[in-house]
Amino acid sequence: MPIIKILPHAEYCPEGKEIDAPVGTSICEAMLDNGVNIEHACDMSCACTTCHVIIKEGFNSLNEAEEEEEDLLDRAWGLQPQSRLSCQAILSREGVTVEIPKYSINHAKENH
């Protein structure tokens, strides 16, 4: 099983975390299943950018981004060359290291 290493994020994962996830699982699903409550306003239907992550290691092991995802990423806060929507980034046998950006386009929430 690939390991997802999540870098520390003040709100979602203050200590950072390493999780095992089955091949074929999206990064978003794996994080949610393991207590990392990343935003996913569109319910993982590739209709928003709230689950945007930056892949620090293992980017090329993920499935290729579809045009719809790339179009949405253009609106993501803090876009990087290795940015992906975590709901669309599907794990292969290789692990990945993930950074959750400080903000999302939807960061004006009740607790901010």
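Note: the structure precedes this text.
Presented here is an overview of the structure given in this document. (Residues numbered from 1 in each chain as written. Predicted model: local features only at pLDDT ≥ 70, side-chain atom pairs only at ≥ 80, totals over all residues. Heavy atoms only, no water.)

Some details on the environment of Lys17
Okay, step 1: Structurally, the position occupied by Lys17 is in strand E2 (residues 17-20).
Okay, step 2: Judged by its relative accessible area of 33%, Lys17 is partly exposed.
Okay, step 3: Along the chain, Lys17 and Asn34 lie 17 residues apart, while their C-alpha atoms are 9.4 Å from each other.
Okay, step 4: Non-local contacts of Lys17, meaning those with residues more than four positions away in its chain, are made with Ile4, Lys5, Ile6, Asn34, Gly35 and Val36.
Okay, step 5: From its side chain, Lys17 meets the backbone oxygen of Asn34 in a polar contact 2.5 Å long. (Helix = DSSP H or I, 4+ residues; strand = E, 2+ residues; numbered from the N terminus. Buried < 20%, exposed > 50% of the residue type's maximum accessible area, 1.4 Å probe, protein only. Contact = heavy atoms within 4.5 Å. Polar contact = N/O pair within 3.5 Å; in protein donor to acceptor, adjacent residues only side chain to side chain.)

Brief notes about unusual backbone geometry
Okay, step 1: Of note, Asp43 is a non-glycine position whose phi angle comes to about 60°, a positive value.
Okay, step 2: If you trace the backbone, Asp43 turns up in the loop between helix H1 (27-33) and strand E3 (52-57).
Okay, step 3: In this model, Met44 sits at a positive phi of 65°, which is unusual for a non-glycine residue.
Okay, step 4: By the secondary structure assignment, Met44 is in the loop between H1 and E3.
Okay, step 5: Overall, Met44 belongs to the partly exposed group, its relative accessible area being 30%.

Some points on the pairing of strand E5 (residues 96-99)
Okay, step 1: Direction of pairing for strand E1 (residues 3-6) relative to E5: parallel, over a ladder of three bridges. The residue bridging Lys5 from the neighbouring strand is Thr97, located in E5.
Okay, step 2: Where E3 and E5 come together, three bridges link them in antiparallel fashion. What sits directly across from Ile54, in E5, is Glu99. (Pairing = 2+ DSSP bridges.)

Some points on a negative patch on the surface
Okay, step 1: A cluster of acidic side chains, namely Glu64, Glu66, Glu67, Glu68, Glu70, Asp71 and Asp74, defines a negative patch on the protein surface.
Okay, step 2: Among the secondary structure elements, Asp74 is positioned in the loop between helix H2 (67-73) and strand E4 (83-85).
Okay, step 3: Exposure remark for Asp74: the relative accessible area of 59% places this residue in the exposed category. (Patch = residues over 30% accessible without salt bridge, like charges linked within 9 Å, V, L, I, M, F, W, Y side chains within 5 Å. Areas by Shrake-Rupley, 256 points an atom, 1.4 Å probe, with all protein chains shown as cover. Salt bridge = Lys/Arg side-chain N within 4 Å of Asp/Glu carboxyl O. Lys, Arg positive; Asp, Glu negative; His and termini not counted. Charge placed at Lys NZ, Arg CZ, Asp CG, Glu CD.)

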